[in-house]
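The primary structure of each chain is shown beneath.
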Amino acid sequence: MTKKELRVDYKQKRNLLTADIIEEKSIKIANRIHKLPIWQFSFYHLFLSIVKNKEVDTEPLLTLLQGMDKQIVVSKTEKNRSLKNYLLLDTTSIRISNLGIPEPVDGIEVPEEKIDVVFIPLLAFDSNGNRVGYGGGYYDVFLQKCRKDVLKVGISLFEACPTITDIATTDVPLDYCVTPSQVYQF
């Protein structure tokens, strides 16, 4: 399937989910992530969920990262399809952007090369680690600025889809994708 077809299909699948189902699946995902061999690092980039889009709730994962005393990095979208990254502190003010994304207002900026692990939002992914997001390209641009060895961990409410047929050379594949029922390693 093409990215466009998958976007339509997986948005429809998400729309069928209740808040209780998303909460249950999100907790299962956080528990699976806890078992990944990724905890020797310091800086973890985490997206803050867009509730209206019925994304994975990252609150359980945020709690896990805080409990492990990790440096949590959150981003703010820029007009040039890039992300500006900030350290998430108790004092960080979060606001909803024009795109509906919870973002930091400002704070201590973190350069991409400091980030060790990136948790990536997505709509769908395939068994080769290719992913489909909303189509803005923000994460592809961001990941290309990160170190080559940054760990890319997708988080999905659904299992791997059939092969994504229109992968571009600028698409950055995942190292892992975690779903409520399993961990995929690529």
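Note: the structure precedes this text.
Engineer: Just to check I follow, could you spell out the overall build of the protein chain for this structure?
Structural biologist: Of regular secondary structure, the protein chain possesses four helices and 11 strands. Within the span of the protein chain, comprising 186 residues, buried residues form 49% of the whole. Contacts spanning at least 24 positions in sequence make up 69% of the contacts within the protein chain whose residues lie at least 6 apart. Carbon and sulfur atoms make up 51% of the accessible area of the protein chain, which totals about 9400 Å². Between the averaged position of the 24 positive side-chain charges in the protein chain and that of its 24 negative side-chain charges there is a distance of 4 Å.

Engineer: Is there a simple way to think about the sheet that holds strand β9 (residues 151–155) in this case?
Structural biologist: Paired through backbone hydrogen bonds, the strands of a sheet run either parallel or antiparallel to each other. In space, the seven strands of this open sheet follow the order β3-β2-β1-β6-β9-β10-β11, with mixed pairing throughout. The open sheet terminates on both sides in strands that have one partner only, identified here as β3 (83–87) and β11 (183–185). Sheet twist, expressed as the average angle between the axes of neighbouring strands with direction ignored, equals 25 degrees. With three bridges connecting them, strand β1 (residues 43–45) and strand β2 (residues 71–77) associate as parallel partners. Counterpart to His-45 in the pairing with β2 is Val-73. Against the sheet, helix α2 (residues 19–34) contacts β6 (117–121), β9, β10 (176–178) and β11, and its axis sits at roughly 140 degrees relative to β10. Lying over the sheet, helix α4 (residues 138–145) contacts β1, β2, β3, β6 and β9, oriented at roughly 170 degrees with respect to β6.

Engineer: In this structure, what is going on with a negative patch on the surface? I would like to understand it.
Structural biologist: Together, Asp-20, Glu-23, Asp-57 and Glu-59 line one region of the surface with negative charge. Of note, Glu-23 is situated in helix α2.

Engineer: Can you help me understand the layout of surface pockets in this one?
Structural biologist: Put simply, the largest pocket is a space of about 640 Å³. Listing elements by their share of the lining of the largest pocket, those giving two or more residues are α1 (3–15), β2, β5 (102–104), β6, β8 (131–132) and α4. Estimates place the volume of the second largest pocket at around 250 Å³. Examining the composition of the lining of the second largest pocket, we find that three residues originate from one element, α2, more than from any other. Residues of the lining of the second largest pocket, tallied by class, amount to six nonpolar, three polar and five charged.

Rules of the game
Residues numbered from 1 in each chain as written. Predicted model: local features only at pLDDT ≥ 70, side-chain atom pairs only at ≥ 80, totals over all residues. Heavy atoms only, no water. Helix = DSSP H or I, 4+ residues; strand = E, 2+ residues; numbered from the N terminus. Buried < 20%, exposed > 50% of the residue type's maximum accessible area, 1.4 Å probe, protein only. Contact = heavy atoms within 4.5 Å. Areas by Shrake-Rupley, 256 points an atom, 1.4 Å probe, with all protein chains shown as cover. Lys, Arg positive; Asp, Glu negative; His and termini not counted. Charge placed at Lys NZ, Arg CZ, Asp CG, Glu CD. Pairing = 2+ DSSP bridges. Axes fitted to C-alpha atoms, helices over the stretch in contact; angles between N-to-C directions. Patch = residues over 30% accessible without salt bridge, like charges linked within 9 Å, V, L, I, M, F, W, Y side chains within 5 Å. Salt bridge = Lys/Arg side-chain N within 4 Å of Asp/Glu carboxyl O. 1 Å grid on protein atoms, 1.4 Å probe; cavity = no way out; pocket = protein on both sides within 12 Å on 5 of 7 lines; lining within 4 Å. Points joined across faces, edges and corners; volume = space filled by probe spheres on them. Nonpolar A, V, L, I, M, F, W, Y, C, P; charged D, E, K, R; others polar.

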